[in-house]
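Coordinate inspection notes
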Amino acid sequence: MHGLELKGVSKSFGNTRAVEPTDLKFAKGELTALLGPSGCGKTTLLRMIAGLEDPSVGSILLEGQNITALPAHKRKFGMVFQNFALFPHYSVRENVAYSLTIGGVDKRTALDEANNLLETVQLGGFGDRRIGELSGGQRQRVAIARALAQEPEVFLLDEPMSALDAKLREEMQVELRLLQQKLGITTIVVTHDQREAMTMADQIVVMSNGRVEQIAKPQVIYHQPANAFVADFIGKANFFDGVCKDGGVLVGENFLQTASNFRTESPVRIAIRPERAFIDFDPGANRVAAKVMFVRDLGPMREYHLQSDIGPIIVEHAAGETNPELRNGDATTVRLPPDALQVFPRYEAA
Ligand code: ATP
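Residues numbered from 1 in each chain as written. Predicted model: local features only at pLDDT ≥ 70, side-chain atom pairs only at ≥ 80, totals over all residues. Heavy atoms only, no water.

1. Some details on the nonpolar core
Among the nonpolar cores identified, the biggest contains 46 residues, and V96, V142, I144, F155, I204 and I234 are the most heavily contacted of them. Excluding anything up to four places from it in sequence, I204 contacts A33, L35, A197, M198, Q214, I215, A216, P218 and I221. (Core = buried A, V, L, I, M, F, W, Y, C linked by side-chain atoms within 4.5 Å. Buried < 20%, exposed > 50% of the residue type's maximum accessible area, 1.4 Å probe, protein only. Contact = heavy atoms within 4.5 Å.)

2. Remarks on the pattern of salt bridges
If you walk through the whole model with that rule in mind, you get 20 salt bridges. Its salt-bridge partner being E171, residue K167 comes within 3.4 Å of it at the nearest N-O pair. With K167 and E171 both in helix α5 (residues 166-183) and four residues apart, the pair spans about one turn of that helix. With a closest N to O distance of 2.7 Å, D280 and R335 form a salt bridge. (Salt bridge = Lys/Arg side-chain N within 4 Å of Asp/Glu carboxyl O. Helix = DSSP H or I, 4+ residues; strand = E, 2+ residues; numbered from the N terminus.)

3. A closer look at unusual backbone geometry
The phi angle at N209 is positive, at roughly 50 degrees, despite the residue not being glycine. You can see N209 is positioned in the loop between β9 (203-208) and β10 (211-216). Taking relative accessible area as the criterion, N209 reaches 62% and is therefore assigned exposed. The phi torsion at N286 lies on the positive side, around 60 degrees, for a residue other than glycine. Position of N286 among the secondary structure elements: in the loop between β14 (267-272) and β15 (287-297). We classify N286 as buried; its relative accessible area is 7%.

4. Observations concerning the confidence of the model for the protein chain
Here the protein chain averages 91 in pLDDT, while 98% of its residues score no lower than 70. Mean pLDDT values for the elements of the protein chain range from 61 in helix α9 (residues 346-349) up to 98 in strand β3 (residues 31-35). (pLDDT = per-residue confidence, 0-100.)

5. Some points on the sheet that holds strand β7 (residues 154-158)
The sheet built from six strands is open, its strands ordered β6-β7-β8-β3-β9-β10 with mixed pairing. Only two strands of the sheet have a single partner each, and these edge strands are β6 (77-80) and β10. Averaged over neighbouring strand pairs, the angle between their axes works out to 15 degrees when direction is ignored. Across four bridges, β3 lies against β9 in parallel orientation. Within the sheet, the bridge partner assigned to T32 lies in β9 and is Q203. Helix α4 (residues 136-149) contacts β6 and β7 of the sheet and is inclined by roughly 165 degrees relative to β6. (Pairing = 2+ DSSP bridges. Axes fitted to C-alpha atoms, helices over the stretch in contact; angles between N-to-C directions.)

6. Overview of the sheet that holds strand β19 (residues 342-345)
The strand order β13-β12-β11-β14-β19 describes an open sheet built from five strands, whose pairing is antiparallel. Each end of this open sheet is capped by a strand with a single partner; those strands are β13 (254-257) and β19. Neighbour to neighbour, the strand axes of the sheet diverge by 40 degrees on average, direction disregarded. The pairing of strand β11 (residues 238-245) with strand β12 (residues 248-251) spans three bridges and is classified as antiparallel. Following the sheet pairing, C244 is matched in β12 by V249.

7. A closer look at the packing of aromatic side chains
A full pass over the atoms with the stated rule returns four aromatic pairs. Ring plane angle 50 degrees and centroid distance 5.2 Å describe the contact between F87 and Y90, whose orientation is recorded as tilted. You can call Y90 partly exposed: its relative accessible area is 35%. The ring of Y222 carries R273 above its face, with NZ or CZ at 4.1 Å from the centroid. (Phe/Tyr/Trp six-rings, centres within 6.5 Å; stacked < 30°, edge-to-face > 60°. Lys NZ or Arg CZ within 6 Å of the ring centre and 35° of its normal.)

8. Examining the site of the ligand
In the vicinity of the ligand, the residues found are F13, A18, P37, S38, G39, C40, G41, K42, T43 and T44. S38 places a polar side-chain atom, nitrogen or oxygen, 2.6 Å from an oxygen atom of the ligand. K42 places a side-chain nitrogen or oxygen 2.7 Å from an oxygen atom of the ligand. Contact with the protein chains hides 57% of the accessible area of the ligand, taken as 630 Å² for the molecule alone. Sorting elements by how many residues they give to the shell around the ligand places helix α1 (residues 42-50) first, with three residues. Residues that form the shell around the ligand fall into these classes: four nonpolar, five polar and one charged. (Near = heavy atom within 4 Å. Polar contact = N/O pair within 3.5 Å; in protein donor to acceptor, adjacent residues only side chain to side chain. Areas by Shrake-Rupley, 256 points an atom, 1.4 Å probe, with all protein chains shown as cover. Nonpolar A, V, L, I, M, F, W, Y, C, P; charged D, E, K, R; others polar.)

9. Some details on the side chain of R93
Structurally, the position occupied by R93 is in helix α2 (residues 92-101). The class of R93 is buried, set by a relative accessible area of 19%. Separated by 2.6 Å, the side chains of R93 and N115 make a polar contact. Side chain to side chain, R93 and D128 meet in a polar contact 2.8 Å long. Setting aside anything within four residues of it in sequence, one finds R93 in contact with L111, A114, N115, L118, G127 and D128.

This is the structure in structure tokens:
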């Protein structure tokens, strides 16, 4: 049985359709990331789930019960927003205890329970501090502890890491994921950061223009993107436009073998990840002549920017591999393994 389910949920603001009719399932105990560029509708979707926004059409079910008309305060959902919204004049402990006292718990018990929650989020010794005396990461943990105080059935987070610097953000992603798994709580995280989604999620929902583009596990989203938008948004990709022909793709005058099933002659866009293309001497199909334009040594990997017979292409080799010693202006060839080429109908890539 699925924990939370959206059936045909959509939202319009006047003439703006923020969310197209959407069906989604959030399995009990799993973490789902709603991922997409700014304005794609992910916050609106989360706010409808929270009960802060009414869907224009459609229904929201929790454990099979229709909760569409249930107001936010009657849903047992915990929420953490971008700015954390903590009370600056309360102590850390009082901030966490507050959400228990408004739920009817007596103050003494609430403060004891707050101490336990602060231990859970590794802030055991911080109960007496004011919010202003905490770092960004510590404030975020207080916001999480406060949201968890009500033992929510569903945990909702809107860009929870955006106020944190890059290094701390990565640490908090791992920490939050471990906590979520330990508590086994159904969780939905809104983010525009693909690394955050890949790090934390059991399931990623990629959105654009109010539409769901793909719902899948992180590895599937990365290796088998449903369309060119997803391939472009998640990770890096090189794109080439061509026409499919005889089971392969003709890009200009270069015929590339692919593993795709397209048979009819039609415009397609092909994509290849930089780490799936090679500059090497191995035999194999799909070698195209190329000239080195720029080499970027990034430490863990080296990135070659080339102008090839089929267009500009970036190839990435990991450090430790035998990297070709190439300079700007050198002539070489790039190998594009057929099974690494993803082929999409071109109308989707427009
Ligand atoms: P961001 O990452 O920038 O927060 P988002 O993906 O969360 O973006 P939403 O905030 O859900 O996107 O907005 C989706 C669309 O709906 C946008 O075009 C936005 O301008 C519009 N929108 C959102 N809220 C309202 C509102 N209250 N009134 C009118 N239009 C709105």
